[in-house]
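So you can see what is in the structure, the chains are spelled out below.
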Amino acid sequence: QVQLVESGGGLAQPGESLRLSCAASGSISMINAVGWYRQSPGREREMVAVASRTGSSIYGDSVKGRFTVSRDNPKNTVTLQMNSLKPEDTAVYYCYAAGVTSDGVHHRGPYWGQGTQVTVSS
């Protein structure tokens, strides 16, 4: 079992920045992908950013160029730096962790954090 705890959510105005953090614990030795998903009312959960152990990352189209995901492997944490925030970024953000093959098949998890609210409004 893997436990994920998010922090850093809150309120921001358009154009401002927020930083989310996620701390992982438990049986994490087989985890090779970590990142963030989000979900807002009336929409399906969508991938925001996912990073591998080696540091390579993928991003959802709507956040490319604005958000950056990073890992601190010794501390077992993953961070999402969100810049140039837009109202459409408003959502509950969930930390994600999984053991995944090169073909995208999950052999561990996925595991989810409890979620942290991000609200962007003027």
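Definitions and limits used
- In every chain, residue numbers begin from 1 and rise along the written sequence.
- The model is predicted, so local features are restricted to residues of pLDDT at least 70 and side-chain atom pairs to those at 80 or more, both for listing and for counting; the totals for chains, interfaces and linings are taken over all residues.
- Computation of side-chain values: all heavy atoms of the structure, hydrogens and water removed.
- Under the scheme applied here, a residue whose accessible area is under 20% of the maximum for its type counts as buried, over 50% as exposed, and between as partly exposed, the area being computed with a 1.4 Å probe on protein chains only.
- Strands are runs of DSSP state E lasting at least two residues, helices are runs of H or I lasting at least four, and both sets are numbered from the N terminus onward.
- The rule for pairing is simple: two strands pair if DSSP sees at least two bridges between them.

Draft legend 1. Seen up close, the pairing of strand E4 (residues 33–39). Of all the seven residues making up E4, six are buried; the element is thus mostly covered by neighbouring parts of the structure. Note: E4 against strand E5 (residues 46–52), six bridges, orientation antiparallel. Within E5, the residue paired with Val-34 across the bridge is Ala-51. What sits between the antiparallel neighbours E4 and E5 is a turn of six residues, in which Gly-42 has the positive phi angle 80°. As paired strands, E4 and strand E9 (residues 91–100) are joined by seven bridges and run antiparallel to one another. Each bridged residue has a counterpart across the sheet, and for Trp-36 the counterpart in E9 is Cys-95.

Draft legend 2. Expanded view of unusual backbone geometry. The omega angle of the peptide bond from Gly-109 to Pro-110 is 10°, so this bond is cis rather than trans. With respect to the helices and strands, Pro-110 occurs in strand E10 (residues 106–112). Of note in this structure, Asn-76 is not a glycine but carries a positive phi near 55°. Along the chain, the position of Asn-76 falls in the loop between strand E7 (67–72) and strand E8 (77–82). Phi at Ser-84 is positive, roughly 50°, even though this residue is not glycine. With a relative accessible area of 40%, Ser-84 lands in the partly exposed category.

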